[in-house]
Protein chains: 4
Amino acid sequence: MPAFNPVALIGRQNGAKSTELVDLLGQFLTARGCEVMVEQSTAEAHGIDRFAGVNYEGIAARAKLAVVLGGDGSMLSAARHLAPHQVPLVGVNQGRLGFMTDIAQEHMLDAMGELLEGRYSIEERTMLQAGVLRDGQTLFSTNALNDVVVSKGTVGRLIEFLVHIDGEFVYDLRSDGLIVSTPTGSTAYSLSSNGPILHPSLTGLVLVPICPHTLSNRPISVSDSCRIVLTLRHGDDAQLHFDGQPHFELREGDRVSVHRADNTIRFVHPPGYSYFAMLRQKLHWSGMY
Amino acid sequence: MPAFNPVALIGRQNGAKSTELVDLLGQFLTARGCEVMVEQSTAEAHGIDRFAGVNYEGIAARAKLAVVLGGDGSMLSAARHLAPHQVPLVGVNQGRLGFMTDIAQEHMLDAMGELLEGRYSIEERTMLQAGVLRDGQTLFSTNALNDVVVSKGTVGRLIEFLVHIDGEFVYDLRSDGLIVSTPTGSTAYSLSSNGPILHPSLTGLVLVPICPHTLSNRPISVSDSCRIVLTLRHGDDAQLHFDGQPHFELREGDRVSVHRADNTIRFVHPPGYSYFAMLRQKLHWSGMY
Amino acid sequence: MPAFNPVALIGRQNGAKSTELVDLLGQFLTARGCEVMVEQSTAEAHGIDRFAGVNYEGIAARAKLAVVLGGDGSMLSAARHLAPHQVPLVGVNQGRLGFMTDIAQEHMLDAMGELLEGRYSIEERTMLQAGVLRDGQTLFSTNALNDVVVSKGTVGRLIEFLVHIDGEFVYDLRSDGLIVSTPTGSTAYSLSSNGPILHPSLTGLVLVPICPHTLSNRPISVSDSCRIVLTLRHGDDAQLHFDGQPHFELREGDRVSVHRADNTIRFVHPPGYSYFAMLRQKLHWSGMY
Amino acid sequence: MPAFNPVALIGRQNGAKSTELVDLLGQFLTARGCEVMVEQSTAEAHGIDRFAGVNYEGIAARAKLAVVLGGDGSMLSAARHLAPHQVPLVGVNQGRLGFMTDIAQEHMLDAMGELLEGRYSIEERTMLQAGVLRDGQTLFSTNALNDVVVSKGTVGRLIEFLVHIDGEFVYDLRSDGLIVSTPTGSTAYSLSSNGPILHPSLTGLVLVPICPHTLSNRPISVSDSCRIVLTLRHGDDAQLHFDGQPHFELREGDRVSVHRADNTIRFVHPPGYSYFAMLRQKLHWSGMY
């Protein structure tokens, strides 16, 4: 009996090779006794009808594992959909390895075989919940696996906002923006903005200013039980981003509230997975520079 | 006979104290035998009619010195207007000292007295000339004292462009943007983005990537005789900024050409001016952190 | 009845004003019904005989609070002595405020009055335990409040060592050294070496490479339950430092083991203390740059 | 007639393959009509007697080109010996490419063939001259191609010194040290310490503080016509290094004077050489991170 059943497959909308890959993996799983679901828009994009096309709700309701065939961006999207429903994820990379899609395409079947036979480890990743308050009303709220980012828009002038953590005033930041990042996000945009790497097991978040006016405004890491509030003082065209994808235009006075989401997302890794081995490869630590 | 005559006064549009200050300085200069011109929009904003209101063209044609009463932003604006006409500038700061407006308001009359009696030093500052080429046509060209910046817009995704220096391919940069800065600009936005400080006497420019995807994309300083070309590959809403002020939306394929402007701008300093003393004060080098 | 009794006073060996200050505080405490002990070397250095001179063992055995009159260095030293014995510390700064000595001299008596009347908060600070293993033998072990640092010596060439965390290989680091820092140490040497600020409530440590050869060797923050092992591969004159004070010469093959100490040190703060207010002041966040 | 004649070969003292390589290149050059000299200690280390063993003086007196077979360290050493005598250098790397040894071993003969037939470019690299003044006496002076570094020694506490440029006071620096780097050195130690890359054609130097206490003590680039003086205030075991090799122990009050050397060193490059192509390869700019 396979360790995970049913299994959902989530691919990219585009990419010629995706069709084949979904097909190959679907047949492999079926042969091992798994019920296979293909995420609906993936199925439609690739004209896959051999397996049931199921939307995210359906996957959330029944799948015991979701295999993401794509890059880190695909993982982010799947995580935001599935985190509230506790469906664990595993990532197969179609190009070069990602920080999250750590199974190479050529090892896909071997790795999936291991997982189905119960040889795997589970890693929990913290997610963020963020909302915008305007005039005492919550405009909306969403979750993010990597980061919540406030940044300047097209006008190109620095923006200014107040930062509070658990109600305590931190500073009045003048910068191009601020990244609130999870450990997972610490190897993404945050890293480009001079943020530290946070190991996924650290129960912390990091606030990373983007091009701060004051040179001593360094990244600050805090416990992930903190509640962070950003209040926009100046910057009419300031933007709010979640995992680099959706965006929302802020107004002066808006308050962005960020805290750890109730749910985590779980990543499934085949035997031999090492977080640091992945970092060594992605960041060229093995070689010079 | 005053060392500079006529003298133009350029103030801020807003600021209650500007009226008084322009008035005070105008009378001081008149008493020393100087003809005084007040920049037209300054004169209008403050209802000044005691002195001739003259537009930038008039100032460019006749003034031997322009006194800027404001902050570094006012100096940047005046420099862009007056550089082609060789009118030297001196900056009086109304708030805290600026990197360029190095005369404190309370020392204004003393300092101006020194200048009129011929005790001063002249410092030449390099400016940039930048233009955009689209489909073989130069869309426009302008100059900048601090920097020319290409940056992402509201979508918030990194942009990608090719950088060539004197026709030699440098790299394919994926980042939030790139700053091409003069020595003058090296203490402005460039510094926030991890750029080095370039002494004004260095005949160099610096290319500073903003949040580069590749961590080893460090600032590169090149001779100011170089011609730098940035070719946008990806990033539909990429923006082009000059001295942080005007902006222009780039399209994929656009080429931004940046090189040293033919004209420099000259700053006039009273006796005792020290570039490093200014840095020590502005960057809190005297104290801890 | 005073909230803390007896109270130990720990001063600097040098500093003319220390004598007066110890005397003043001692009398204040006596008047409030406290038994006062003066740390022996402090008493001897300043010729204080009005209060009992007691060595660190005596303080550890009986004092309910230790007041450190000095700078952050004095706090580090007192913390290393007293942490195993659970004596809480409070710091009074004789010069400018420190990151840990957050009570200004002129507010000393008011603040102490508050503490004795039971108005205070307690903050626990994580400490490190570090030891050196050579040829299977533990050469010695000690604790540190700020950091454990491996660094190159006088020869000036980079050193090379392997880093393992909880038995997992992290990387082969070629650099001037590596800092393993607590949250408390994150605002000390680590900050100068481009490390992030860790809030004291974060249950984490940070590994900060010093001038790493590979530019992507960025600071890494891990849970403070991790066991970190550094194995020296190259660098005959590599040095080991604890809180920047004592040092020990490492040999190739030596293993430095670092983990969270069993004991924490507790800091006592008067009402109104704010960690971020302290950072704002120390790091000039209020002003420009 | 070969474009360079005689040609000196300079190898490493160790390395099994060096003997073969020197031999191979020597025969190639002889066949093209070149007189071949082998640097004496190289000849002795490898037991080479087919070609004349000549010391650096002899090479300086007669060679028209020196081929360095080794890494960047070998180039630095050869440059310090030969710069005063105007012998140009070309570097063949035995392992992975260096910043200066830009000819791969497998392309050695092709590249040398091009050079001998007159197809090459010449690049001049600025060198530094540095001396130590103690009690009004110059203790010694030497030159460096990469950098002059003042750094703390084994005690591990920060050192403090005054920096003057052309007699103007810059700052009182408290740090682990300071690097004064040429453009050539800007991709060496300076880069690890957060310094910018300076293109070799920039007539500038850069001062890069090592772990500065004050976070706004950023790298400063100045004209290479400047005279830089560092005066040690505190730090008994401060060390002075040239190109990372020799070292000298400084005393409080010592003044280290650094300026551009009278002579440059010339690098010879085969056709197709590109400085930026070399950077892209060395710094992994082509790929991610």
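Residues numbered from 1 in each chain as written. Chains lettered and ligands numbered in written order. Predicted model: local features only at pLDDT ≥ 70, side-chain atom pairs only at ≥ 80, totals over all residues. Heavy atoms only, no water.

Focus on the relation of the copies chain C and chain A
Superposing chain C onto chain A requires a rotation of 180° together with a translation of 0.0 Å along the rotation axis, leaving an RMSD of 0.0 Å. Such a combination of turn and shift is consistent with a two-fold rotation axis. Minimal C-alpha separation from the rotation axis in chain C is found for Pro196 of chain C, amounting to 3.2 Å. Both copies share a contact surface, since 100% of the interface residues of chain C are interface residues in chain A too. (Least-squares fit on C-alpha atoms with pLDDT ≥ 70 in both. Contact = heavy atoms within 4.5 Å.)

Topic: the confidence of the model for chain A
The predicted model of chain A averages 93 in pLDDT, with 97% of residues at 70 or higher. Model confidence for the complex: the whole-complex pTM is 0.96, and ipTM, which rates the interface, is 0.94. (pLDDT = per-residue confidence, 0-100.)

Things to note about the side chain of Gln239 of chain A
Within the secondary structure layout, Gln239 of chain A lies in strand 18 (residues 239-242). For Gln239 of chain A, a relative accessible area of 2% corresponds to the buried category. A distance of 3.0 Å separates the side chain of Gln239 of chain A from the backbone oxygen of Asp237 of chain A, its partner in a polar contact. Not counting chain neighbours up to four residues away, the residues in contact with Gln239 of chain A comprise Val149, Val150, Ser151, Lys152, Gly153, His247, Phe248, Glu249 and Leu250 of chain A together with Thr154 of chain B. (Helix = DSSP H or I, 4+ residues; strand = E, 2+ residues; numbered from the N terminus. Buried < 20%, exposed > 50% of the residue type's maximum accessible area, 1.4 Å probe, protein only. Polar contact = N/O pair within 3.5 Å; in protein donor to acceptor, adjacent residues only side chain to side chain.)

Description of the environment of Asn14 of chain C
Tracing the backbone shows Asn14 of chain C in the loop between strand 1 (7-10) and helix 1 (16-31). For Asn14 of chain C, a relative accessible area of 55% gives the class exposed.

Structural notes on the packing of aromatic side chains
Evaluation of the coordinates by the stated rule reveals 20 aromatic pairs over all chains. A connected cluster of aromatic rings, assembled from ring pairs, spans Phe140, Phe242 and Phe248 of chain A. Across the ring face of Phe99 of chain B, the terminal group of Lys282 of chain B is positioned such that the distance to the ring centre comes to 5.0 Å. (Phe/Tyr/Trp six-rings, centres within 6.5 Å; stacked < 30°, edge-to-face > 60°. Lys NZ or Arg CZ within 6 Å of the ring centre and 35° of its normal.)

As for the interface of chain C and chain A
Residue-level contacts link 38 residues of chain C with 38 residues of chain A. Between chain C and chain A we count zero salt bridges in total. Seen at the junction of chain C and chain A, the total is 27 residue pairs in polar contact (both at pLDDT 80 or more). Elements represented by at least two residues in the side of chain C that touches chain A include exactly strand 12 (168-175), strand 14 (197-198), strand 16 (220-223) and helix 7 (275-282) of chain C. In terms of residue count, the dominant contributor to the side of chain C that touches chain A is strand 12 of chain C (five residues). Split into classes, the residues belonging to the side of chain C that touches chain A amount to 19 nonpolar, 15 polar and four charged. Pairing geometry for strand 16 (residues 220-223) of chain A and strand 14 of chain C, over two bridges, is parallel. Bridge pairing in strand 14 of chain C links Ser221 of chain A to Leu198 of chain C. (Salt bridge = Lys/Arg side-chain N within 4 Å of Asp/Glu carboxyl O. Nonpolar A, V, L, I, M, F, W, Y, C, P; charged D, E, K, R; others polar. Pairing = 2+ DSSP bridges.)

Some words on the sheet that holds strand 8 (residues 128-134) of chain A
Taken together, six strands build an open sheet; the order of strands is 9-8-20-17-11-12 (chain A) and the sheet is antiparallel. One side of each edge strand has no neighbouring strand; the edge strands of this open sheet are strand 9 (137-144) and strand 12 (168-175) of chain A. If you compare each strand with its neighbour and ignore which way they point, the axes differ by 20° on average. Judged from the six bridges that link them, strand 8 of chain A and strand 20 (residues 255-260) of chain A form a sheet pairing that is antiparallel. The residue bridging Leu128 of chain A from the neighbouring strand is Arg260 of chain A, located in strand 20 of chain A. On top of the sheet, helix 7 of chain C reaches strand 11 (159-165) and strand 12 of chain A; it is set at about 40° to strand 12 of chain A, its chief contact. (Axes fitted to C-alpha atoms, helices over the stretch in contact; angles between N-to-C directions.)

Thoughts on the pattern of salt bridges
All names here are of chain C. Tallying each qualifying case throughout the model produces 44 salt bridges over all chains. Notably, a salt bridge pairs Asp243 with Arg80, separated by 2.5 Å at the nearest N-O pair. Residue Asp243 is found in the loop between strand 18 (239-242) and strand 19 (247-249), and its partner Arg80 is found in helix 4 (residues 72-82); the two are separated by 163 residues along the sequence. The burial state of Asp243 is the same as that of Arg80; both residues are buried.

Section: the sheet that holds strand 13 (residues 177-181) of chain C
If you walk across this open sheet you meet the seven strands as 14(A)-16(C)-15(C)-13(C)-10(C)-18(C)-19(C), and the pairing is mixed. The open sheet has two edge strands with one neighbour each: strand 14 (197-198) of chain A together with strand 19 of chain C. Sheet topology places strand 18 of chain C next to strand 19 of chain C; three bridges connect them, and they run antiparallel. Its bridge partner lying in strand 19 of chain C, Leu240 of chain C is registered against Phe248 of chain C.

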